[in-house]
Amino acid sequence: QVQLVESGGGLVQPGGSLRLSCAASGNIFVFKTMAWYRQAPGMQRELVADIIISGGVTNYVDSVKGRFTISRDISKNTVYLQMNSLKPEDTAVYYCYAVNVLSAIFWGQGTQVTVSS
């Protein structure tokens, strides 16, 4: 059973930075794509950024372009989300997502990010 475990969330002041990690229980090459989603209270879950595992091509929602960077370390079976210049509106639970070559979808348990002074 594939497991995705997120870490790195926390409380940060506006303008600060955090790096989220998503560690997979196996080789991430079994996945076609991995991504970070977020869900704020009362809001729908939204895609923040995704990355194609084999080629490393990335995609971002407009609201985080230039501030967030998604990357993967194949040797560590881990995907990262570097978040800079954080804003209060970035406050949400962040979830790691993966889809494999059979189109099976996996989710992590989520990690809270709170941006507040």
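The following refers to the structure shown.

## Quick word on the state of the cysteines
Here is step 1 of the chain: One pass over the full model with this rule turns up one disulfide.
Here is step 2 of the chain: Note on cysteine connectivity: Cys22 is disulfide-linked to Cys96, with sulfurs 2.0 Å apart. Here the S-S torsion is close to -80 degrees, and the disulfide linking Cys22 with Cys96 is therefore left-handed. Linking Cys22 in strand S3 (residues 18–24) with Cys96 in strand S9 (residues 92–100), this pair joins segments that are 74 residues apart in sequence.
Here is step 3 of the chain: Classification of Cys96 by relative accessible area gives buried; the value is 0%.

## So, the pairing of strand S8 (residues 78–83)
Here is step 1 of the chain: Most of S8 sits inside the fold, with five of its six residues counted as buried.
Here is step 2 of the chain: In terms of strand pairing, S3 meets S8 through six bridges, oriented antiparallel. Note on S8: the bridge partner recorded for Ala23 is Thr78.
Here is step 3 of the chain: By the bridge criterion, six bridges tie strand S7 (residues 68–73) to S8 in an arrangement that is antiparallel. Looking at the pairing, Ser71 lines up with Tyr80 of S8.

Conventions and cut-offs
Residues numbered from 1 in each chain as written. Predicted model: local features only at pLDDT ≥ 70, side-chain atom pairs only at ≥ 80, totals over all residues. Heavy atoms only, no water. Disulfide = S-S within 2.5 Å. Helix = DSSP H or I, 4+ residues; strand = E, 2+ residues; numbered from the N terminus. Buried < 20%, exposed > 50% of the residue type's maximum accessible area, 1.4 Å probe, protein only. Pairing = 2+ DSSP bridges.

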